[in-house]
Number of protein chains: 2
Amino acid sequence: MPLLVVGSVALDCVETPTASRDDVLGGSAVFFSYAASFFTPVKMIGTVGEDWPSVHTRFLEERSIDTSGIEMIPGGKTFRWRGRYLPNMNDRETLEVHLNVFGEFKPKLGPAHRDSKFVFLGNASPVTQLSVLDQVPGAQLTVADTMDLWINIQRDELEELLRRVDGLVLNDAEAKLLAEDENLVRAGQAVRKMGPKFVVIKKGEHGAMFFSEHEMYVMPAYPTPQVLDPTGAGDSFAGGMMGHLASLGRFDPQALKEALAYGVITASFTVEDFSLDRLSAIGRHDLDRRLGEYRQMLMF
Amino acid sequence: MPLLVVGSVALDCVETPTASRDDVLGGSAVFFSYAASFFTPVKMIGTVGEDWPSVHTRFLEERSIDTSGIEMIPGGKTFRWRGRYLPNMNDRETLEVHLNVFGEFKPKLGPAHRDSKFVFLGNASPVTQLSVLDQVPGAQLTVADTMDLWINIQRDELEELLRRVDGLVLNDAEAKLLAEDENLVRAGQAVRKMGPKFVVIKKGEHGAMFFSEHEMYVMPAYPTPQVLDPTGAGDSFAGGMMGHLASLGRFDPQALKEALAYGVITASFTVEDFSLDRLSAIGRHDLDRRLGEYRQMLMF
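It should be emphasised that the depicted structure is a prediction, and the values quoted were computed from it without experimental measurement.

K.L.:
Honestly, the overall build of chain A in this entry has me stumped. Any pointers?
P.N.:
Helices and strands together make up the secondary structure of chain A, namely 11 helices and 13 strands. In summary, chain A has a C-alpha radius of gyration of 18 Å against a globular reference of 19 Å for 300 residues, a match within 12%. With the principal axes as the frame, chain A shows a C-alpha extent of 55 × 45 × 35 Å. Within chain A, counting contacts between residues at least 6 apart in sequence, those at least 24 apart form 63% of the total. Counting only carbon and sulfur atoms, one obtains 49% of the accessible surface of chain A, whose full area is about 11,600 Å². Separation of charge centres in chain A, based on 30 positive and 41 negative side chains, amounts to 4 Å.

K.L.:
What am I meant to see in the layout of surface pockets here?
P.N.:
To find the voids left in a structure, one rolls a probe of water-molecule size over its atoms. All names here are of chain A. Computed from the structure, the second largest pocket encloses a volume of approximately 230 Å³. Around the second largest pocket, the lining comprises 13 residues; the ones closest to its centre are Lys 197, Ser 212, Glu 213, Pro 253 and Leu 256. Breaking the lining of the second largest pocket down by element, the ones donating at least two residues are strand 12 (208–212) and helix 10 (253–270). Looking at the lining of the second largest pocket residue by residue, the classes come out as six nonpolar, two polar and five charged.

K.L.:
Even after reading the chapter, I still don't get the nonpolar core, so can you show me in this structure?
P.N.:
Nonpolar side chains in soluble globular proteins tend to end up buried together. By size, the foremost hydrophobic cluster in this structure holds 190 residues, and its most contacted members are Met 241 of chain A together with Met 241 of chain B. Those residues in contact with Met 241 of chain B that lie beyond four places of it in its chain are Val 143, Val 169, Phe 198, Val 200, Ala 259, Leu 260 and Gly 263 of chain B.

K.L.:
Just checking my understanding: could you explain the packing of helix 4 (residues 126–135) of chain A against helix 6 (residues 155–164) of chain A for this structure?
P.N.:
Helix-helix packing is characterised by the crossing angle of the two axes and by the distance between the axes. Residues and elements named next belong to chain A. Put simply, helix 4 and helix 6 touch, their axes get as near as 9 Å, and they point 30 degrees apart. Our classification of the angle between helix 4 and helix 6 gives roughly parallel. The way helix 4 lies across helix 6 gives a crossing that is left-handed. The segment helix 4 lies against helix 6, with Pro 126, Val 127, Gln 129, Leu 130, Leu 133 and Asp 134 engaging Glu 157, Leu 158, Glu 160, Leu 161 and Arg 164. Here the contact of helix 4 with helix 6 is built from residues that sort into six nonpolar, one polar and four charged.

K.L.:
In this structure, what is going on with the sheet that holds strand 10 (residues 167–171) of chain B? I would like to understand it.
P.N.:
The pairing of strands in a sheet comes from backbone hydrogen bonds and takes either a parallel or an antiparallel form. Residue and element names in this part refer to chain B. Strand order in the open sheet made by the nine strands is 5-4-1-8-9-10-11-12-13, with mixed pairing throughout. Each having just a single partner strand, strand 5 (65–72) and strand 13 (216–219) make up the two edges of the open sheet. For this sheet, the mean angle separating the axes of adjacent strands, direction not counted, is 15 degrees. Examined bridge by bridge, strand 4 (residues 42–48) and strand 5 share six bridges and lie parallel to one another. Bridge pairing in strand 5 places Thr 47 opposite Glu 71.

K.L.:
Help me out: how do you make sense of the sheet that holds strand 6 (residues 79–85) of chain B in this one?
P.N.:
Residues and elements named next belong to chain B. Here four strands make up an open sheet; going across it, the order is 3-2-6-7 and the pairing mixed. Each end of this open sheet is capped by a strand with a single partner; those strands are strand 3 (20–26) and strand 7 (92–98). Taken pair by pair, the neighbouring strands of this sheet meet at an average axis angle of 20 degrees, ignoring direction. Pairing analysis gives six bridges linking strand 6 to strand 7, with the strands arranged antiparallel. Residue pairing across strands places Arg 84 opposite Glu 93, the latter belonging to strand 7.

How each quantity is defined
Along every chain, residues carry numbers that run from 1 in the direction the sequence is written. Going through the entries in the order they are written, you letter the chains from A and number the ligands from 1. Two thresholds apply to this predicted model, a pLDDT of at least 70 for residue-level local features and 80 or more for giving and counting side-chain atom pairs, whereas whole-chain, interface and lining totals are computed over all residues. As a convention, hydrogens and water are excluded, and side-chain values are obtained from all of the structure's heavy atoms. Helix and strand definitions here come from DSSP, where helices need a minimum of 4 consecutive H or I residues and strands a minimum of 2 consecutive E residues; each element is numbered from the N-terminal end. The quantity called the radius of gyration is restricted to C-alpha atoms. Its globule counterpart is 2.2 Å times the number of residues to the power 0.38. Residues count as neighbours in contact if any of their non-hydrogen atoms are within 4.5 Å of one another. Here the Shrake-Rupley method, with its probe set to 1.4 Å, supplies the accessible areas, and only the displayed protein chains count as covering residues. Just so you know, the count uses Lys and Arg for positive and Asp and Glu for negative, and it drops His and the chain ends. To locate a charge, the coordinates of NZ of Lys, CZ of Arg, CG of Asp or CD of Glu are taken. As defined here, a cavity is a set of points on a 1 Å grid over the protein atoms alone where a 1.4 Å probe fits but cannot get out. A pocket is an open set with protein on both sides within 12 Å along at least five of seven lines, and residues line them when an atom is within 4 Å of a point. Grid points are joined across faces, edges and corners, and a volume is the space filled by probe spheres set on the points. Gly is placed with the polar residues, together with every amino acid not listed as nonpolar (Ala, Val, Leu, Ile, Met, Phe, Trp, Tyr, Cys and Pro) or charged (Asp, Glu, Lys and Arg). We call a set of buried residues a nonpolar core when its members are Ala, Val, Leu, Ile, Met, Phe, Trp, Tyr or Cys and they connect through side-chain atoms within 4.5 Å of each other. Buried means the residue's accessible area, taken with a 1.4 Å probe over protein chains only, is under 20% of the maximum for its type, while exposed means over 50%, and partly exposed covers the values in between. With axes taken as lines fitted to C-alpha atoms, and helix axes fitted only over the stretch in contact, angles between N-to-C directions fall between 0 and 180 degrees. To sort the angles, those under 35 degrees are grouped as roughly parallel, those over 145 as roughly antiparallel, those from 65 to 115 as roughly perpendicular, and the leftovers as oblique. In this scheme the handedness of a crossing depends on how the near helix is turned from the far one: anticlockwise by less than a right angle means left-handed, clockwise means right-handed. At least two bridges found by DSSP between two strands are what make those strands a pair.

Shown next, in the form of structure tokens:
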């Protein structure tokens with residue numbers, strides 16, 4: 001089943017202790033779409049400026065990614081982010097953010113997008129995310145991401161969003177902030193009680209946790225000796241997860257657990273190189289082989 | 001099979017954001033022994049001062065713990081530690097350390113201890129740990145713990161120890177320091193190449209990683225909503241792990257993996273209350289029930 005994602009499309013400058021890259025393809029919708037495209041056709045909604053290299057659009061279209069929902073704003077500039085990773089490769093500092101056209105992003109879905117059944121709302125203001133929800137009345141599964149900024153400055157709107165989506169994906173620091181609880185288990189349960197049927201907490205190099213009314217579990221990250229650039233790991237995780245669910249067309253507890261595992265594995269490849277360099281060098285069989293190793297690893 | 005542990009016996013003062021306790025039973029050998037006693041008979045080697053409350057000895061002897069190797073030093077004082085946990089309950093600061101009699105600890109094993117087959121060298125100087133190794137020539141499995149202090153000030157002695165023990169248990173920061181590598185996968189592999197057949201990296205609330213020549217895996221911590229006092233979690237982990245191995249009398253890959261899982265589960269109970277309050281309130285069936293939940297949690 002096709003999967004709709006609405007989110008950022010960006011050009012990233014990334015500095016790590018050992019290497020750096022300028023103006024590489026990035027953004028939540030991009031990492032998400034590419035990761036999900038191993039599993040299912042994807043439709044992207046986003047916005048870019050006149051500086052957007054068309055080679056990136058072709059790169060995405062070579063996968064099963066429909067980029068017709070990427071709007072180019074004449075005279076505008078593409079969202080840019082510059083970040084630097086600390087030596088532990090898990091923490092980072094943002095050096096520059098230029099929202100550019102993404103600051104005025106008002107997604108308008110055409111008929112080809114409005115009947116989507118599986119929808120992911122990448123990190124954007126809850127007001128924007130709510131406006132997308134209004135445009136997909138027939139969606140079967142809606143999952144949103146969020147970030148500390150919105151928890152701090154648009155909490156009411158975020159709480160309204162939480163009452164309307166099926167699932168929420170957020171990182172550990174954001175979960176603690178939103179729940180005002182330093183214990184992640186209690187924080188996850190508290191966020192779930194704010195509305196979504198399930199909550200997934202991303203813990204970076206430490207994996208992910210899942211919370212629903214009847215279930216709670218944790219999955220470690222797949223341990224890789226090669227971490228070159230963690231940018232996009234969280235979005236790739238969400239893309240692998242949602243891609244698997246959309247490919248199955250269901251989201252029962254077993255499907256969700258497998259989906260989390262696929263998310264973990266997809267992200268484990270993303271971090272092995274800059275931008276989408278690693279994901280674009282592997283095939284579905286690589287994901288499945290590593291998933292098998294991961295399954296074995298957790299069996300005792 | 002009986003299990004020998006050599007390590008610290010302490011009186012702890014613990015401060016957490018919500019509560020604190022003074023002069024409670026602590027020390028690496030104590031947490032280790034109590035945790036291991038769910039699985040197998042334990043023999044403790046340690047040292048205490050005249051201030052040692054005999055009620056603590058009785059408390060340990062009510063389990064299958066042989067305390068005849070705890071030497072009381074006349075006129076001496078017991079090792080004392082005071083620490084404060086940060087709100088995240090994973091990081092802590094040491095406020096006071098008084099080594100007292102533990103500073104002069106020179107373990108001398110009697111005949112009843114020298115023929116031990118399963119031996120755990122709790123955190124102490126590598127010189128002390130090596131002297132214990134010399135006294136257990138017939139040991140089948142020797143595993144040591146260590147800490148940043150020894151990596152920094154007795155590195156040569158520690159490296160000699162690593163060439164002589166079968167296994168090493170250490171935490172994530174220590175593994176990175178010892179291997180001089182910020183990537184935990186590479187760090188674990190590098191430490192293993194220093195000598196031990198296997199290395200276990202403890203990651204606190206994020207679980208543990210295992211490294212041998214042919215295997216590498218990660219196990220998440222069991223997620224508990226109630227973390228009152230993490231003191232002793234690492235030693236309880238090691239105690240559960242070694243206790244299970246000693247009870248089986250073997251340490252093949254499958255036994256080691258189950259042992260790590262038992263370590264994770266034992267530690268998950270320890271943190272739910274101060275000192276040994278939680279471990280002393282549960283039975284083996286509680287460990288096994290939670291182990292079953294944990295196994296299920298990791299299956300997809």
